[in-house]
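Read off the chains here:
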Amino acid sequence: MASSPPTIFTTTSLFSLLGVTVVGIAAHIGSKLLLPKNASTKDRFTFIWLAFDAMIHFSFEGSFLYLSVLGRQVNTSTGPFAEMWREYAAADFRWGNADPGIVSLELLTVLGAGPICCYILKQLVNDDPARHFWIVVLSTAELYGGWMTFCPEWLTGSPNLDTSNWLYLWVYLVFMNVIWVGIPIWLMYDSYHYIAQAVRLNRASIKSKTA
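Worth saying up front: this structure is predicted, and the values here are computed from it rather than measured.

Participant: I would appreciate a short explanation of the packing of aromatic side chains in the present structure.
Facilitator: Aromatic ring pairs: the centre-centre distance and the angle between the two ring planes describe each pair. All chains considered together, the criterion is met by 16 aromatic pairs. Between Tyr88 and Trp95, the aromatic rings sit 5.5 Å apart at their centres with planes inclined by 90°, giving edge-to-face as the arrangement. Side by side, Tyr88 and Trp95 carry an identical accessibility label, which is buried. By the ring-pair criterion, three or more aromatic residues cluster together here, those being Phe64, Trp85, Tyr88, Trp95, Tyr168 and Tyr172. The ring of Tyr66 carries Arg72 above its face, with NZ or CZ at 4.0 Å from the centroid.

Participant: For this particular structure, what's the right way to read helix α2 (residues 41-67)?
Facilitator: Every α-helix winds through 3.6 residues per turn, so residues three or four apart in the chain are directed the same way. The end-to-end C-alpha separation of α2 is 38 Å, in line with the 39 Å expected for 27 residues at 1.5 Å each. Its maximal kink placed at Glu61, α2 deviates by approximately 35°. Burial within α2 is extensive, with 19 of its 27 residues counted as buried.

Participant: Help me out: how do you make sense of the environment of Gln73 in this one?
Facilitator: You can see Gln73 is positioned in the loop between α2 and α3 (80-89). When residues no more than four places from it in sequence are discounted, the contact partners of Gln73 are Leu67, Gly96, Asn97 and Ala98.

Participant: Explanation requested: the nonpolar core in the structure shown.
Facilitator: Soluble globular proteins tend to bury their nonpolar side chains together. Residues Trp49, Leu50, Phe52 and Trp85 are the most contacted members of the largest nonpolar core, which totals 47 residues. Counting residues per element, this core draws most heavily on α2, at eleven residues. Among all residues touching Phe52, those that are not within four sequence positions of it are Val20, Val23, Gly24, Ala27, Ile179 and Trp180.

Participant: Looking at this model, I keep getting lost on the pattern of salt bridges. Mind explaining?
Facilitator: Note that side chains of opposite charge can pair when their charged atoms are close. Following the criterion strictly, the structure yields five salt bridges and no others. The shortest N-O distance in the salt bridge between Asp190 and Lys42 comes to 3.0 Å. With Asp190 in helix α6 (residues 166-210) and Lys42 in helix α2, the pair connects residues that are 148 residues apart, well separated along the chain. A relative accessible area of 19% places Asp190 in the buried class. Given the relative accessible area of 37%, Lys42 is considered partly exposed. Taking the shortest distance from any N to any O, the salt bridge between Arg94 and Asp92 comes out at 2.8 Å. A relative accessible area of 0% means that Asp92 is categorised as buried. One continuous salt-bridge network, built from bridges that share partners, spans Asp43, Asp127 and Arg131.

Rules used throughout
Residues numbered from 1 in each chain as written. Predicted model: local features only at pLDDT ≥ 70, side-chain atom pairs only at ≥ 80, totals over all residues. Heavy atoms only, no water. Phe/Tyr/Trp six-rings, centres within 6.5 Å; stacked < 30°, edge-to-face > 60°. Buried < 20%, exposed > 50% of the residue type's maximum accessible area, 1.4 Å probe, protein only. Lys NZ or Arg CZ within 6 Å of the ring centre and 35° of its normal. Helix = DSSP H or I, 4+ residues; strand = E, 2+ residues; numbered from the N terminus. Expected span 1.5 Å × (residues − 1). Bend = angle between axes of the 7 residues up to and from the residue. Contact = heavy atoms within 4.5 Å. Core = buried A, V, L, I, M, F, W, Y, C linked by side-chain atoms within 4.5 Å. Salt bridge = Lys/Arg side-chain N within 4 Å of Asp/Glu carboxyl O.

In structure tokens, the structure reads:
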């Protein structure tokens, strides 16, 4: 008798995705509590994204970092976060064995990008336009991080990626990474225009005063 095919979507899959959803809901609630009621839709979306981003960096990726330094590995660790990361490592094997390149990027992500997210959130709450500079810094860092996560794999034929089923390919590898490409590009584009307009207006003001 032929054996039944392995189950792709498991209980761990369900709770991992529910965890991401809960983080998104918490970010939305935070925007309701901390932003003024007359905040623009763009600022509210930016707040929700940055709050979501920060919580993912500190909790999910922070747990990966803990499980991947000082001789530890996800594949040999126990606990709910280890189970969650083993689930993702089924799609990208590097996350299971403390790949030095991945761990190096996550050090910058957790210790650098996470705090920057929080700083921009504070600026958003205070309606400080200086946030646009830091949004460009953060977005550039996250785009670079995404590129350096996958470009080495593409150049070597993707030996560590399992794209054999829809969950691994379209949910874990595509969706869970593309959002950290599309949204930072939009944020960078928006902030570039804000900064450029402010510089042009300032220059025009200086010229008018010296004319």
